[in-house]
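Residue-level structure breakdown
Here is what each chain is made of, one letter per residue.
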Amino acid sequence: MRVMAQLAMVMNLDKCIGCHTCSVTCKQAWTNRSGVEYVWFNNVETRPGQGYPRSYEDQERWRGGWALGRRGRLRLKGGGRLRKLLTIFSNPKLPGIDDYYEPWTYDYDSLTDAPLQEHTPVARPRSLLSGEPTRITWSANWDDNLGGSPDHGHRDPLLKGIADKVRFEFEQTFMFYLPRICEHCLNPSCAASCPSGAIYKRSEDGIVLVDQDRCRGWRMCVSGCPYKKVYFNHRTGKAEKCTFCFPRVEVGIPTVCAETCVGRLRYIGLVLYDADEVLKAASTPDEKDLCEAQRRVFLDPDDPEVAREAERAGIPHDWVEAARRSPVRALITTFKVALPLHPEYRTLPMVWYIPPLSPVVDVVRDTGHDAEDHGNLFAAIEALRIPVEYLARLFTAGDVAPVDAVLRRLAAMRSYMRDINLGREPREAIATEVGMTGEQVYDLYRLLALAKYDERYVIPPAHAEQAHGLEELATECSLDYEGGPGMGGSGPFGENSGGASPIAVENFRMLRDRQTSDTTAAPVDRGSRVNLLNWDGKGRPDGLFPPRRPPGGGDPAGEVEPKP
């Protein structure tokens, strides 16, 4: 047994309202630079829908993730070393810009500078890539609230074989939201696909990162990731991906997406797992058994033997304590209400989901029956307008039984707690019917409905003895610090962006000026501007305040403002 620690996340889909606050805050924190306008480390998809990038789940097309060979050994779907060597300069299994979307801005100058005219001027969309006029036909949220379903809904890869059970007429269907980030897998196919070894998994906490110095822009990682959560920065020529906000979690603060989540649906915690069992679990012959096989990889931190092995492996004692209090461990292994996203990819993902129950309640309520009675709810689970089969294709490789069991536990929790809230005697038979005790049902309710901040986020901070190594890793993985990797000079694999862009998104005129500039920095007056997003509030950066004029006027050029 080789004990290792892994930071993981669970999302309760019953509480996601599709506000995209997590996407916006992540975008502002991590991908507000030039070259990553189309990149969303965190996005929220409406299901049913194609997802982002378009139809990323169609692995017959993209060849992402792992597959079992003839002898039961894991192999990359996209091919091994020989295939990658043969296609290293021309990788055809990549989403194109049309599968993401061509980022755009608007010609606002036509509004502010237009002469007096009979008709109101229009700010037409222009491509942020070419600066030319463009038509907006697709984006990261094109399926939002089923907005694109009439035209694109039938292209959802999960509908193959069950499309007759899903009707897209708005008055006859329901939808749910699926937030997605990098899965930070136990068996990451992106890392195995990288020819230069730039993608690696941190041994301290399992976060998967990209070493910007070693990345050579081959983009094999984009092809190898079945979730398509690795992106290519066309300005720096480097791959970028979700970092699980490692500068925050190292000091015990949750990720930006979790911190700002309006629905409070995200849980972050530590789990311990047996690294020697990862390959065996990922090689499980029947893909429908992969979910339970991954659960068996996780270790019980309350087991004295596990605690001893964790200490031998150098895992600090407070990390083991954090694993014991972890909400992620409770939801995945204790209550068994969380499920992995597409376990059939065999990457053993570490972002798990609690499937939505609300539509079941709506179905019962519409019939005029008691929507909180466990008997009615259990019967309604089998009569969903979007069937359980759809959820099973998302979370259990098509196996309906585990999804049905989760929904029954959630339904039992509602019925059990309703009796308590109405002052009636709780019925232990409800909990027994789903293989739980009344105390466990109450604990599950506390965690899902009433959990406080320190119960939803149990994140042990990094230790002082790890600080030097983590600092070096942070330097390797930083994306936009001054003179950082990938940000200095141009080369055969891409050009730099001239440092951090002074604004979050360029308009096409700024893009044109930067692309035609004689210098790598853009715009030319960058030295006189201050990016307040990068200012830590200390000192007085040049350009933040105008220079003080000497008494009696005169030119202040060349004078240095005295420090207060």
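Residues numbered from 1 in each chain as written. Predicted model: local features only at pLDDT ≥ 70, side-chain atom pairs only at ≥ 80, totals over all residues. Heavy atoms only, no water.

In the nomenclature of an unreviewed UniProt entry, the protein is known as Nitrate reductase beta subunit of Saccharothrix algeriensis. In its Subcellular location (unreviewed entry) section, UniProt records this for the protein: "Cell envelope". (UniProt positions renumbered as here; feature names shortened; annotations may be inferred.)

1. Brief notes about the overall build of the protein
Regarding its fold elements, the protein presents 23 helices and 14 strands. Per-residue burial over the protein gives 52% buried out of 564 residues. In the form shown here, the protein has an accessible surface area of approximately 26,500 Å², with 51% of it arising from carbon and sulfur atoms. (Helix = DSSP H or I, 4+ residues; strand = E, 2+ residues; numbered from the N terminus. Buried < 20%, exposed > 50% of the residue type's maximum accessible area, 1.4 Å probe, protein only. Areas by Shrake-Rupley, 256 points an atom, 1.4 Å probe, with all protein chains shown as cover.)

2. Observations regarding empty space enclosed by the protein
What the rule picks out here adds up to seven cavities of 30 Å³ or more. The calculated volume of the largest cavity comes to roughly 90 Å³. Lining the largest cavity are 14 residues, with Cys 182, Cys 185, Pro 188, Cys 190 and Cys 225 positioned closest to its centre. For the lining of the largest cavity, the residue count by class is nine nonpolar, three polar and two charged. (1 Å grid on protein atoms, 1.4 Å probe; cavity = no way out; pocket = protein on both sides within 12 Å on 5 of 7 lines; lining within 4 Å. Points joined across faces, edges and corners; volume = space filled by probe spheres on them. Nonpolar A, V, L, I, M, F, W, Y, C, P; charged D, E, K, R; others polar.)

3. What to know about the confidence of the model for the protein
Reading predicted coordinates in detail is not appropriate for stretches of low pLDDT. On average, residues of the protein score 82 in pLDDT, and 75% of them are at 70 or above. Below a pLDDT of 50 lies the segment residues 471–507, which in the model reaches 81 contacts outside its immediate sequence neighbourhood of four places, other chains included. Low pLDDT, under 50, characterises residues 557–564; the stretch is placed with seven contacts to residues that sit more than four places away or in other chains. (pLDDT = per-residue confidence, 0-100. Contact = heavy atoms within 4.5 Å.)

4. Focus on the pattern of salt bridges
Summed over all chains, the structure comprises 23 salt bridges. One salt bridge in this structure joins Arg 33 and Glu 240, with 3.0 Å as the shortest N-O distance. Linking Arg 33 in the loop between helix 1 (21–30) and strand 2 (43–47) with Glu 240 in strand 11 (residues 238–241), this pair joins segments that are 207 residues apart in sequence. Across the pair, Glu 240 and Arg 33 agree in class, each one buried. As a salt-bridge pair, Glu 259 and Arg 248 come within 3.2 Å of each other at their nearest N and O atoms. Separated by 11 residues along the polypeptide, Glu 259 in helix 9 (residues 256–259) and Arg 248 in helix 8 (residues 246–249) bring together distant segments of the chain. (Salt bridge = Lys/Arg side-chain N within 4 Å of Asp/Glu carboxyl O.)

5. Regarding the side chain of His 342
Looking at the element boundaries, His 342 is found in the loop between strand 13 (339–340) and strand 14 (351–354). Using a relative accessible area of 1% as the deciding quantity, one classes His 342 as buried. In this structure the side chain of His 342 is engaged in a polar contact, spanning 2.6 Å, whose partner is the side chain of Glu 57. When sequence neighbours within four positions are dropped, the list of residues in contact with His 342 reads Glu 57, Leu 158, Tyr 227, Arg 393, Leu 394 and Phe 395. (Polar contact = N/O pair within 3.5 Å; in protein donor to acceptor, adjacent residues only side chain to side chain.)

6. Thoughts on the packing of aromatic side chains
Scanning all chains against the criterion turns up 15 aromatic pairs. Judged by centre distance (6.1 Å) and plane angle (45°), the rings of Tyr 52 and Tyr 101 are tilted. Within this pair, whereas Tyr 52 is found in the loop between strand 2 and helix 2 (59–62), its partner Tyr 101 is found in the loop between helix 3 (81–86) and strand 5 (104–106), the two being separated by 49 residues in sequence. Assigned by exposure class, Tyr 52 and Tyr 101 land together as buried. In textbook terms, an aromatic cluster arises when at least three aromatic residues are bridged by ring pairs, as seen for Tyr 38, Phe 41, Tyr 52, Tyr 100, Tyr 101, Trp 104 and Tyr 231. Geometry around Tyr 56 places Arg 180 over its ring, the cationic atom sitting 3.8 Å from the centre. One residue, Arg 219, lies across the ring of Phe 232, its end atom 4.1 Å from the ring centre. (Phe/Tyr/Trp six-rings, centres within 6.5 Å; stacked < 30°, edge-to-face > 60°. Lys NZ or Arg CZ within 6 Å of the ring centre and 35° of its normal.)

7. Looking at the side chain of Ser 283
Inspection of the secondary structure assignment puts Ser 283 in the loop between helix 10 (278–282) and helix 11 (290–297). When neighbours within four sequence positions are excluded, Ser 283 is seen to be in contact with Leu 68, Gly 72, Leu 74 and Arg 346.

8. Brief notes about the environment of Leu 13
By the secondary structure assignment, Leu 13 is in the loop between strand 1 (3–12) and helix 1. The residues touching Leu 13, leaving out its near neighbours within four places in the chain, are Phe 176, Tyr 177, Leu 178, Pro 179, Tyr 353, Ile 354, Pro 356 and Phe 395.

9. Considerations on the sheet that holds strand 1
A sheet is described by the order of its strands in space; here four strands give the open sequence 12-1-14-13, paired in mixed fashion. Lying at the two open borders of the sheet, with one neighbouring strand each, are strand 12 (266–274) and strand 13. For strand 1 and strand 14, the ladder comprises four bridges, and the chain directions are parallel. In the sheet register, Val 10 faces strand 14, and the bridge partner there is Trp 352. Sheet strands in contact with helix 14 (residues 327–334) are strand 1, strand 12 and strand 14, and its direction is about 70° off that of strand 12. (Pairing = 2+ DSSP bridges. Axes fitted to C-alpha atoms, helices over the stretch in contact; angles between N-to-C directions.)

10. Overview of helix 14
The element helix 14 is extensively covered by neighbouring structure, given that six of its eight residues are classed as buried. Among all positions of helix 14, only Pro 327, Val 328, Arg 329, Ala 330, Leu 331 and Ile 332 are buried. Sitting at the head of helix 14, Ser 326 places a side-chain oxygen 3.3 Å from the backbone nitrogen of Val 328.

11. Remarks on the pairing of strand 7 (residues 176–180)
Burial within strand 7 is extensive, with five of its five residues counted as buried. As defined by bridge partners, strand 2 adjoins strand 7 across five bridges and the pair is classed as antiparallel. Within the sheet, the bridge partner assigned to Arg 47 lies in strand 7 and is Phe 176.

12. Some details on the environment of Cys 22
Here Cys 22 shows up in helix 1. Put simply, Cys 22 and Ala 258 are 236 residues apart on the chain and 7.1 Å apart in space, counted from C-alpha to C-alpha. Sequence-distant contacts of Cys 22, defined by excluding residues within four places in its chain, comprise Asn 42, Val 44, Cys 257, Thr 260 and Arg 266.

13. Points about the packing of helix 17 (residues 388–395) against helix 18 (residues 400–421)
Remark: helix 17 packs on helix 18, axes separated minimally by 8 Å, with the N-to-C direction vectors making an angle of 110°. Taken together, the axes of helix 17 and helix 18 are roughly perpendicular relative to one another. Along the contact surface, helix 17 presents Val 388, Glu 389, Leu 391 and Ala 392, while helix 18 presents Val 400, Val 403, Asp 404 and Leu 407. Considering only residue class, the contact of helix 17 with helix 18 consists of six nonpolar, no polar and two charged. (Parallel < 35°, antiparallel > 145°, perpendicular 65-115°, else oblique.)

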